Amino acid sequence: MKILVLGSGAREHAITTALLAEEAEHEIVVAPGNAGIAADVAVETGLDPLDGAAVAEYVIENGIELVVIGPEAPLVAGVADPVRTRGIPVFGPGKAAAQLEGSKTFAKRIMEAAGVPTGRAVRAATLADVEKALDDLGAPYVVKADGLAAGKGVLVTEDRAAALSHAEHYLTQGGVLLEEFLDGQEVSLFLVSDGHTVLPLSPAQDYKRLLDGDAGPNTGGMGAYSPLPWLPETFVDEVIDTVALPTVRQLAVEQTPFIGLLYCGLIVTERGIRVIEFNARFGDPETQVVLPRLVTPLSTLLFAAATGALSGMPRPEFALDTAVTVVVASEGYPEAPLTGRPITGLEAAAEVPEVTIAHAATARDASGTLLATGGRVLSVVARGTTFAEARERAYEAVGRIHLEGSQHRTDIAARVS
Ligand code: AMP
Ligand code: GLY
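Nothing here was measured: the structure is a model prediction, and the numbers come from that model.

Scoring rules and cut-offs
- Residues numbered from 1 in each chain as written.
- Chains lettered and ligands numbered in written order.
- Predicted model: local features only at pLDDT ≥ 70, side-chain atom pairs only at ≥ 80, totals over all residues.
- Heavy atoms only, no water.
- Helix = DSSP H or I, 4+ residues; strand = E, 2+ residues; numbered from the N terminus.
- Polar contact = N/O pair within 3.5 Å; in protein donor to acceptor, adjacent residues only side chain to side chain.
- Contact = heavy atoms within 4.5 Å.
- Pairing = 2+ DSSP bridges.
- Axes fitted to C-alpha atoms, helices over the stretch in contact; angles between N-to-C directions.
- Salt bridge = Lys/Arg side-chain N within 4 Å of Asp/Glu carboxyl O.
- Buried < 20%, exposed > 50% of the residue type's maximum accessible area, 1.4 Å probe, protein only.
- Near = heavy atom within 4 Å.
- Areas by Shrake-Rupley, 256 points an atom, 1.4 Å probe, with all protein chains shown as cover.
- Nonpolar A, V, L, I, M, F, W, Y, C, P; charged D, E, K, R; others polar.
- 1 Å grid on protein atoms, 1.4 Å probe; cavity = no way out; pocket = protein on both sides within 12 Å on 5 of 7 lines; lining within 4 Å.
- Points joined across faces, edges and corners; volume = space filled by probe spheres on them.
- Core = buried A, V, L, I, M, F, W, Y, C linked by side-chain atoms within 4.5 Å.
- Phe/Tyr/Trp six-rings, centres within 6.5 Å; stacked < 30°, edge-to-face > 60°.

Caption draft 1: Local environment of the side chain of Ser226. Mapping Ser226 onto the fold places it in strand β15 (residues 223-226). A polar contact of 3.5 Å, which involves the side chain of Ser226, links it to the side chain of Ser202. A polar side-chain atom of Ser226 sits 3.1 Å from a polar atom in the side chain of Arg293. Not counting chain neighbours up to four residues away, the residues in contact with Ser226 comprise Ser202, Pro203, Ala204, Val289, Val290, Arg293, Thr322, Ala323 and Phe387.

Caption draft 2: Geometry of the sheet that holds strand β12 (residues 205-206). Across the sheet, five strands lie side by side as β12-β15-β18-β23-β20; this open sheet has antiparallel pairing. The open sheet is flanked by β12 and β20 (355-359), the only strands paired with a single partner. The pairing of β12 with β15 spans two bridges and is antiparallel. Each bridged residue has a counterpart across the sheet, and for Asp206 the counterpart in β15 is Ala224. Helix-sheet contacts for helix α1 (residues 10-20) involve β20 and β23 (376-384), and the interaxial angle to β20 is about 130 degrees.

Caption draft 3: Focus on the pattern of salt bridges. Per the stated rule, a full pass over the model turns up 28 salt bridges. Residues Arg271 and Glu180 are paired through a salt bridge, measuring 3.4 Å at the closest nitrogen-oxygen approach. Within this pair, whereas Arg271 is found in the loop between β16 (259-269) and β17 (272-279), its partner Glu180 is found in the loop between β9 (176-179) and β10 (185-194), the two being separated by 91 residues in sequence. Owing to a relative accessible area of 59%, Arg271 belongs among the exposed residues under this scheme. Arg376 is the salt-bridge partner of Asp284, the closest N and O atoms lying 4.0 Å from each other. Of the two residues, Asp284 sits in the loop between β17 and α11 (287-290) while Arg376 sits in strand β23, which places them 92 residues apart along the sequence. Its relative accessible area of 14% is what places Asp284 among the buried residues.

Caption draft 4: Quick look at the environment of Leu199. Here Leu199 lies in strand β11 (residues 198-200). Judged by relative accessible area, which is 5%, Leu199 ranks as buried. On a C-alpha basis, the gap between Leu199 and Gly216 in space is 35 Å, while along the polypeptide they are 17 residues apart. The contacts of Leu199, once residues within four sequence positions are left out, are Phe190, Leu191, Val192, Leu301, Leu310, Met313, Pro314, Arg315 and Pro316.

Caption draft 5: The arrangement of the site of ligand 2 in detail. As a structural note, the neighbourhood of ligand 2 is formed by Asp206, Lys208, Gly220, Tyr263, Asn279, Arg281, Gly283, Asp284, Pro285 and Glu286. In this structure, a nitrogen atom belonging to ligand 2 sits 3.2 Å away from a main-chain N or O atom of Gly220. For ligand 2, an oxygen atom lies 2.8 Å from a polar atom in the side chain of Arg281. Alone, ligand 2 offers 200 Å² of accessible surface; in the complex the protein occludes 90% of this. Partitioned by chemical class, the residues of the shell around ligand 2 number two nonpolar, three polar and five charged.

Caption draft 6: Summary view of empty space enclosed by the protein. Under the counting rule described, the total for this entry stands at three cavities of 30 Å³ or more. Put simply, the largest cavity is a space of about 100 Å³. Contributing to the lining of the largest cavity are Leu100, Glu101, Lys104, Ala107, Lys108, Met111, Lys144, Leu177, Glu179, Ile276, Glu277 and Phe278. Looking at which element gives the most residues to the lining of the largest cavity, the answer is helix α7 (residues 104-114), with four residues. Looking at side-chain class alone, the lining of the largest cavity contains six nonpolar, no polar and six charged residues.

Caption draft 7: Broad picture of the nonpolar core. Counting residues in hydrophobic clusters, the biggest one holds 79 residues, and the most contacted among them are Leu4, Val67, Leu100, Leu266, Val324 and Ile343. The dominant element in this core, judged by the number of residues it contributes, is helix α10 (residues 235-253), at nine residues. Residues contacting Val67, with those up to four places away along its chain left out, are Leu4, Val59, Val83, Ile88, Pro89, Val90 and Phe91. By size, the runner-up hydrophobic cluster in this structure holds 34 residues, among which are Leu201, Leu291, Ala306 and Phe318.

Caption draft 8: Structural view of the packing of aromatic side chains. As enumerated under the stated definition, the model contains five aromatic pairs in all. Both rings, one in Phe190 and one in Tyr263, keep their centres 5.2 Å apart while their planes meet at 40 degrees; by these two values the pair is tilted. Of this pair, Phe190 sits in strand β10 while Tyr263 sits in strand β16, placing them 73 residues apart in sequence. Classification of Phe190 as buried rests on a relative accessible area of 0%. Clustering of aromatic rings is evident, with ring pairs tying together Phe91, Phe190, Tyr263 and Phe282.

Caption draft 9: Main features of the site of ligand 1. Near ligand 1, the surroundings consist of 14 residues, among which Glu179, Leu182, Glu186, Lys208 and Glu277 are the closest. Between Lys144 and ligand 1, the recorded distance is 3.1 Å, taken from a side-chain N or O atom to a nitrogen atom. Contact between ligand 1 and Glu277: an oxygen atom at 2.7 Å from a side-chain N or O atom of the residue. Computed on the free molecule, ligand 1 has an accessible area of 470 Å², of which 90% lies beneath the protein chains in the complex. Looking at the shell around ligand 1, the elements that each hand over two or more residues are β7 (141-145), β8 (154-157) and β17. Classifying every residue of the shell around ligand 1 by side-chain character gives six nonpolar, one polar and seven charged.

Shown next, in the form of structure tokens:
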């Protein structure tokens with residue numbers, strides 16, 4: 001199949017790697033990609049993934065048979081719509097359904113209409129609203145930017161002054177939601193959706209905070225592991241029945257079908273499963289630990305979802321081993337990453353058994369030197385029969401990589417090893 005993947009991160013590298021691993025041979029183009037992706041497949045650096053008309057034109061001119069939209073920005077910008085209108089299968093919701101990720105107020109409304117369990121939340125338009133909601137909900141305070149904020153929109157804090165100032169900042173940028181604090185383990189569950197039927201992938205856990213022991217600021221994600229051995233066997237079915245299907249059905253009723261990846265961000269509380277967020281795309285870095293273990297061909301799932309053909313398909317199969325990923329980030333991430341520094345040691349790192357390296361933000365300069373170009377730079381992925389083995393391999397590989405000032409957590413998957 002001729003497949004166009006939009007995006008430039010480790011998630012898109014992991015998607016590309018999974019497509020390349022299939023028995024079927026695909027012709028894959030990634031726009032714009034990064035240096036790691038460009039080493040594996042063709043990249044189209046001149047195609048702007050946010051320009052729907054340009055993407056649709058490219059797809060028609062190049063005979064693309066499936067478009068996979070990786071990041072949230074093109075989804076929320078509505079890039080899927082002009083492509084779908086031209087009759088080309090797209091894995092990724094249109095602008096209306098992508099609001100599930102793009103607007104927390106929209107997501108709360110859908111959850112309420114569908115009876116999906118989530119934290120109690122109040123939308124604030126003024127600082128006075130914020131103060132009242134903080135008092136009503138109590139500490140710890142959970143303050144969320146209503147729109148996209150690249151992983152920086154949520155603040156969880158005991159510090160009322162910090163909560164107020166975070167809210168004040170985002171009040172001027174599309175609004176703020178105050179939410180009840182939910183206590184428990186977090187789970188990311190991905191479901192492939194064709195607008196009516198959903199099929200689950202293997203659950204994963206992300207480490208959102210920058211520092212060991214879940215200290216420091218929230219980030220896009222510093223590491224992940226999959227599967228989650230501590231989940232009850234009924235967990236996935238419960239999420240399908242109480243969260244994913246009601247949500248997809250509600251969006252279908254509203255004539256905005258959700259075609260793509262429904263990312264359920266969940267907390268398992270003492271009172272049951274609660275949704276903390278939906279995303280409209282594969283999670284990053286969770287994708288890097290979910291897709292390597294997927295046995296069912298990824299393209300089959302994505303194409304079936306994009307063409308309304310998931311009904312009657314068996315659930316995706318996964319290998320029984322484990323996967324761990326550790327993110328290597330630039331100095332200064334997440335506030336102000338220092339970029340442009342050379343990265344060395346990747347070949348030695350990739351020689352560790354069962355290790356692959358997904359590039360998140362890399363480029364080569366004119367002399368061919370590999371440089372870090374963003375906050376999260378690499379996602380080092382290792383598989384193992386046990387978590388202890390996968391974790392040891394991942395950290396052995398991370399230790400072989402050099403990037404001046406780089407940061408990584410040392411406790412990824414420690415709780416299951
Ligand atoms: P989000 O971007 O909504 O996933 O939020 C980022 C992180 O903030 C989550 O991964 C949680 O660790 C935390 N978080 C979000 N909402 C809540 C909540 N209601 N209670 C506790 N922690 C939360
Ligand atoms: N890892 C969290 C996200 O992809 O939103």
